[in-house]
Amino acid sequence: MILRKIKFLNKNNINMNRLEHYWGKYYPQFVVTSYWLLGLTNNFAYVIMLSAAHDILSDQNSNSTDLPKHNSTNRFDCNELSTGAILLADILPGIAIKLVAPFFVHKIKYWKRVVVVILTNSASFLLVSLTPSNLKPLIFLGVMAASFSSSFGEITFLSLSTLYIRTLSITGWASGTGAAGLIGSFGYAALTSLGLSPSSTILLMLFIPVLMALSYIALPTVDFARSRIYSELDTDSEERDKDQTESENNAGSINNGSLKDKFKLLPPLLKFMIPLFLVYFAEYFINQGLFELLYFKNSFIKEHKLQYRWYNVMYQLAVFVSRSSIKWIKIKFLPIFPILQIINIFVFLSHIYLDYFPSIWIVFLLIFWEGLLGGGCYVKY
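Residues numbered from 1 in each chain as written. Predicted model: local features only at pLDDT ≥ 70, side-chain atom pairs only at ≥ 80, totals over all residues. Heavy atoms only, no water.

## Thoughts on the overall build of the chain
Going by this rule: A run of H or I in DSSP counts as a helix once it spans at least four residues, and a run of E counts as a strand once it spans at least two, with each numbered from the N terminus. Note on classification: 1.4 Å probe, protein chains only; a residue is buried when its accessible area is under 20% of the maximum for its type, exposed when over 50%, partly exposed between these limits. We call two residues in contact when some of their heavy atoms are within 4.5 Å. Surface exposure here means Shrake-Rupley accessible area, sampled with a 1.4 Å probe, where a residue is shielded only by the protein chains that are shown.
Within the chain, the regular secondary structure consists of 16 helices and zero strands. When the 381 residues of the chain are sorted by exposure, 44% land in the buried category. Taking the intrachain contacts of the chain between residues at least 6 apart in sequence as the baseline, contacts between residues at least 24 apart amount to 84%. Summing over all exposed atoms, the chain offers an accessible surface of approximately 19,800 Å²; the carbon and sulfur share of this is 68%.

And the structure:
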């Protein structure tokens, strides 16, 4: 048994040495690709829950090709429970963990945090896909698990990203999270449109936590990243060393400070927090409050639930485009994001009340514009 253990350890050492060889040779590619995949897999469950909101609140086990049962009482064809309920379940746990995590999360090792993220991610897909549609509380628990997983994962991977070359890790993460929206919403809409039931489609997404685990394993270790020679960066070595020292000192002072000291850090951040709050309030008000009311009976997409799914695809496509533009487009007047997003609310509301858009294509264009603002705000702030 001891010999087997020695052989196992030797094999692991050989594999690690081989992996470190490739890390050294292709370090930028490993960091960007790993962070792109981590961003993709971290936000995937969150996106799926929002894309499936209309199905979760109706009969999620019904096939998408069945004839729609329209609500004859009004022209909006709504569920009894608004898709905003799914938004609350997909947002509130995330807000809670983001509020409390900064005060204790630094005491937990990164690999332990990643395990928690992977387990809750898996639980979300299992609960939502396997629970009968009449057990709504258990389904909502699955949606909440997706929210917790996404938010705790964001805290974990973004704090970890500061230990790598930030132009690589943050760029990969921003693009990956945008891709999660596009691939998740499009994948869900496409598979259900082809005839796969919503529950089967969600269950199929269990490969996502596996991909997350593999992406984290492929990411160069913290010790390896710290030992890197920074000659590959664009800035000179003295500035890099100075920035790195200041970053480590700031991180140390934050982690070691008292609760009162940490609250003192909040006021300077309000100039970023308030605009971000306004942008995302407007965005989610539109997506989960108004999308369901944008129903075109004579559109080339006949079913209401299909229109809702493709609205999400258009929005996520725009988010992906704007988040991937971080290197090429510079906007200095940041308050423009909340101003324009709030205007979008009134545009959508005016149509809902007055019904003056002649075609669903106008809605698609407006949703794309809304997504550009939301994704752009995320990377610019």
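## As for the packing of aromatic side chains
Here is the rule we go by: Two rings from Phe, Tyr or Trp (for Trp, the six-membered ring) form a pair when their centres are within 6.5 Å of each other. A pair whose planes differ by under 30 degrees is stacked, one over 60 is edge-to-face, and the rest are tilted.
In this structure the tally under the stated criterion is 13 aromatic pairs. By the ring-pair criterion, three or more aromatic residues cluster together here, those being Phe291, Phe300, Tyr311, Trp361 and Phe364.

## Digging into the packing of helix 2 (residues 27-51) against helix 9 (residues 207-218)
Quick note on the threshold: Lines fitted to C-alpha atoms define the axes, with helix axes restricted to the stretch in contact, and inter-axis angles between N-to-C directions lie between 0 and 180 degrees. In what follows, roughly perpendicular refers to angles from 65 to 115 degrees, roughly parallel to angles under 35, roughly antiparallel to angles over 145, and oblique to any angle outside these ranges. By convention, the crossing between two helices is left-handed when the near helix turns anticlockwise from the far helix through less than a right angle, and right-handed when the turn is clockwise. For this scheme, ten residues count as nonpolar: Ala, Val, Leu, Ile, Met, Phe, Trp, Tyr, Cys and Pro. Four count as charged, namely Asp, Glu, Lys and Arg, and the remainder, Gly too, count as polar.
Relative to each other, helix 2 and helix 9 sit at 155°, their axes nearing to 9 Å. The orientation of helix 2 with respect to helix 9, classified from their angle, is roughly antiparallel. Remark: the crossing between helix 2 and helix 9 carries left-handed chirality. Every residue of helix 9 that contacts helix 2 at Phe30, Ser34, Leu37, Leu38, Leu40, Thr41, Asn42 and Phe44 is listed here: Ile208, Leu211, Met212, Ser215, Tyr216 and Ala218. Residues of the contact of helix 2 with helix 9, tallied by class, amount to 10 nonpolar, four polar and no charged.

## Quick look at the nonpolar core
Basically, it comes down to this: Here the nonpolar core consists of buried residues drawn from Ala, Val, Leu, Ile, Met, Phe, Trp, Tyr and Cys, with membership extended through side-chain atoms lying within 4.5 Å.
Core analysis: the largest hydrophobic core is formed by 45 residues, its most contacted members being Phe125, Tyr311, Phe348 and Val363. Ignoring anything within four residues of it in the chain, the contact list for Tyr311 reads Phe291, Leu294, Tyr295, Phe296, Ile360, Val363, Phe364 and Ile367.

## Overview of the side chain of Thr201
Note on placement: Thr201 falls in helix 8 (residues 198-204). Look at Thr201 and you get buried, because its relative accessible area is 0%. Discounting chain neighbours no more than four positions away, the residues touching Thr201 are Tyr188, Leu191, Thr192 and Leu196.

## Section: the confidence of the model for the chain
For the record, the criterion: pLDDT expresses, on a scale from 0 to 100, how confident the predictor is about each individual residue.
Here the chain averages 77 in pLDDT, while 72% of its residues score no lower than 70. Ignoring residues within four places in sequence, the model shows residues 250-254, a span with pLDDT below 50, making two contacts including any to other chains.

## Points about a nonpolar patch on the surface
Under the convention used in this document: Patch membership requires more than 30% relative accessible area and the absence of a salt bridge. Residues of like charge join within 9 Å; the nonpolar side chains Val, Leu, Ile, Met, Phe, Trp and Tyr join within 5 Å. Criterion for a salt bridge: a side-chain nitrogen of Lys or Arg within 4 Å of a carboxyl oxygen of Asp or Glu.
Taken together, the side chains of Leu269, Leu270, Phe272, Met273, Ile274, Phe277, Leu278, Phe281, Phe285, Ile342 and Phe346 make up a nonpolar region of the molecular surface, amounting to roughly 1,000 Å² of accessible area. Elements that contribute at least two residues to the nonpolar patch include exactly helix 13 (266-290) and helix 15 (336-354). Looking at which element gives the most residues to the nonpolar patch, the answer is helix 13, with nine residues. Mapped onto the secondary structure, Phe285 falls in helix 13.

## Side note on helix 7 (residues 166-193)
Heads up, the condition is: In this analysis, the expected span of each helix is defined as 1.5 Å times one less than the number of residues it contains.
For helix 7, which comprises 28 residues, the first-to-last C-alpha distance of 39 Å matches the rise-based estimate of 40 Å (1.5 Å per residue) to within 8%. Looking one or two residues past helix 7, Gly195 carries a phi angle of roughly 120°, positive in sign.

## Considerations on the pattern of salt bridges
This model, assessed by the stated rule, comprises two salt bridges. The salt bridge partner of Lys98 is Glu154, with a shortest N-O separation of 2.7 Å. Linking Lys98 in helix 4 (residues 84-100) with Glu154 in helix 6 (residues 136-161), this pair joins segments that are 56 residues apart in sequence. We classify Lys98 as partly exposed; its relative accessible area is 39%.

## Quick look at the environment of Pro93
Of note, Pro93 is situated in helix 4. When its relative accessible area of 15% is taken as the criterion, Pro93 is described as buried. In this structure, the C-alpha to C-alpha distance between Pro93 and Phe148, residues 55 residues apart in sequence, is 5.5 Å. Not counting chain neighbours up to four residues away, the residues in contact with Pro93 comprise Leu88, Met144, Ser147 and Phe148.

## Some words on the packing of helix 2 against helix 7
For the pair helix 2 and helix 7, interaxial distance at closest approach is 6 Å and the crossing angle is 35°. Viewed along their axes, helix 2 and helix 7 form a crossing whose handedness is right-handed. Class assignment for the residues of the contact of helix 2 with helix 7 results in 16 nonpolar, 12 polar and no charged.

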